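Spelled out, the chains give:
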Amino acid sequence: MDIEVRDLTKSYGGRVALRPVSFCLPQGGVLYVMGASGGGKTTLLHLMMGLVRPDGGTLTGLSGRRLGAVFQENRLCEQLDAPENVALVPGGDRPRRELLGHFARVGLTEADCKKPVSQLSGGQKRRVAIVRALLSDAEVLFFDEPFKGLDAETRRRVVSYTAQERRARSMVIVTHDGGDRDLLPGAELVLSGNVNNP
Ligand SMILES: Nc1ncnc2c1ncn2[C@@H]1O[C@H](COP(=O)(O)OP(=O)(O)OP(=O)(O)O)[C@@H](O)[C@H]1O
């Protein structure tokens, strides 16, 4: 199903977080959301996910659909290990051996997978969040600066893993500098800066 956004807008306490924005994301398409810091990229993602209520505008094609996300702050269960984090989401409850195979593809060893996530590095946690989103049964995926902070070689592996495991699902990717656009062919939406904080 296509996703259509018309004149979606959001302010916090009279300060504009997202200027009116409109676009159509065709079924199976990829949209890169770009723009300066504070331009409303994360706000747009949260509005599309139904986590924040818009002040105006309409959203169609998302209601009742299964959504998956890589949040800026990962939102992992820190006391659980990587496979246990994946097993918690619908679609992720697979044999541990299979999950270890997925983690190996993004450079996480069996030893890494035995540790509680709280003991992993920032880049390792990021990869757990990415694998969890991709193995979920979500129909639409929202990734907020997913590859930030990964070294070049790891990034290449994770990008290739993402391209393989997306399985033609619609995807919205926030990218600060447009640097992730080599991931998959997709449309671009550039949000202009905050009107109150130019
Ligand atoms: N919950 C909130 N309460 C008040 N203001 C908010 C809230 N969330 C976002 N804002 C403000 O809305 C504006 C847009 O924020 P948002 O996080 O969407 O920008 P962004 O483009 O994702 O920025 P960055 O690239 O720095 O992550 C900012 O001025 C921010 O301070």
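All figures in this text were calculated on a predicted structure; none of them were measured in a lab.

### A few points about the site of the ligand
Inspection of the region around the ligand gives 13 residues, with Tyr-12, Ala-17, Ser-37, Thr-42 and Thr-43 positioned closest. Tallying contributions element by element places helix α1 (residues 41–48) first for the shell around the ligand, with three residues. Here the shell around the ligand is built from residues that sort into two nonpolar, ten polar and one charged.

### A word on the confidence of the model for the protein
For the protein, per-residue confidence averages 92 on the pLDDT scale, and 95% of positions sit at 70 or higher. Per the prediction output, this complex has pTM 0.93; the corresponding ipTM is 0.96.

### Concerning the sheet that holds strand β4 (residues 56–60)
Strand pairing in a sheet relies on backbone hydrogen bonds, with the paired strands running either antiparallel or parallel. Ordered in space as β2-β1-β4, the three strands form an open sheet in which the pairing is antiparallel. The open sheet terminates on both sides in strands that have one partner only, identified here as β2 (15–25) and β4. Averaged over neighbouring strand pairs, the angle between their axes works out to 20° when direction is ignored. Relative to β4, strand β1 (residues 3–12) runs antiparallel, the two sharing four bridges. Residue pairing for β4: Thr-9 is matched across the bridge by Gly-56.

### Some thoughts on the sheet that holds strand β6 (residues 140–144)
Strand order in the open sheet made by the five strands is β5-β6-β7-β3-β8, with parallel pairing throughout. Two strands in the sheet have a free side with no partner beyond their single neighbour: β5 (67–70) and β8 (187–191). Each adjacent strand pair in this sheet contributes to an overall mean axis angle of 15°, direction not counted. In this sheet, strand β7 (residues 170–174) lies alongside strand β3 (residues 30–35) in parallel orientation, the contact comprising four bridges. From the neighbouring strand, Tyr-32 faces β7, where its bridge partner is Ile-173. Along the sheet, α1 makes contact with β3, β6, β7 and β8, crossing β7 at roughly 150°. Here helix α5 (residues 122–135) sits on the sheet and contacts β5 and β6; the angle it forms with β5, its principal contact strand, is near 170°.

### Regarding α1
Within α1, seven of the eight residues are buried, which leaves the element mostly enclosed by the surrounding structure. Listed in full, the buried residues belonging to α1 are Lys-41, Thr-43, Leu-44, Leu-45, His-46, Leu-47 and Met-48.

About the criteria used
Residues numbered from 1 in each chain as written. Predicted model: local features only at pLDDT ≥ 70, side-chain atom pairs only at ≥ 80, totals over all residues. Near = placed C-beta within 6 Å. Helix = DSSP H or I, 4+ residues; strand = E, 2+ residues; numbered from the N terminus. Nonpolar A, V, L, I, M, F, W, Y, C, P; charged D, E, K, R; others polar. pLDDT = per-residue confidence, 0-100. Pairing = 2+ DSSP bridges. Axes fitted to C-alpha atoms, helices over the stretch in contact; angles between N-to-C directions. Contact = placed C-beta atoms within 7 Å. Buried ≥ 20, exposed ≤ 12 C-beta atoms within 10 Å, placed from the backbone.

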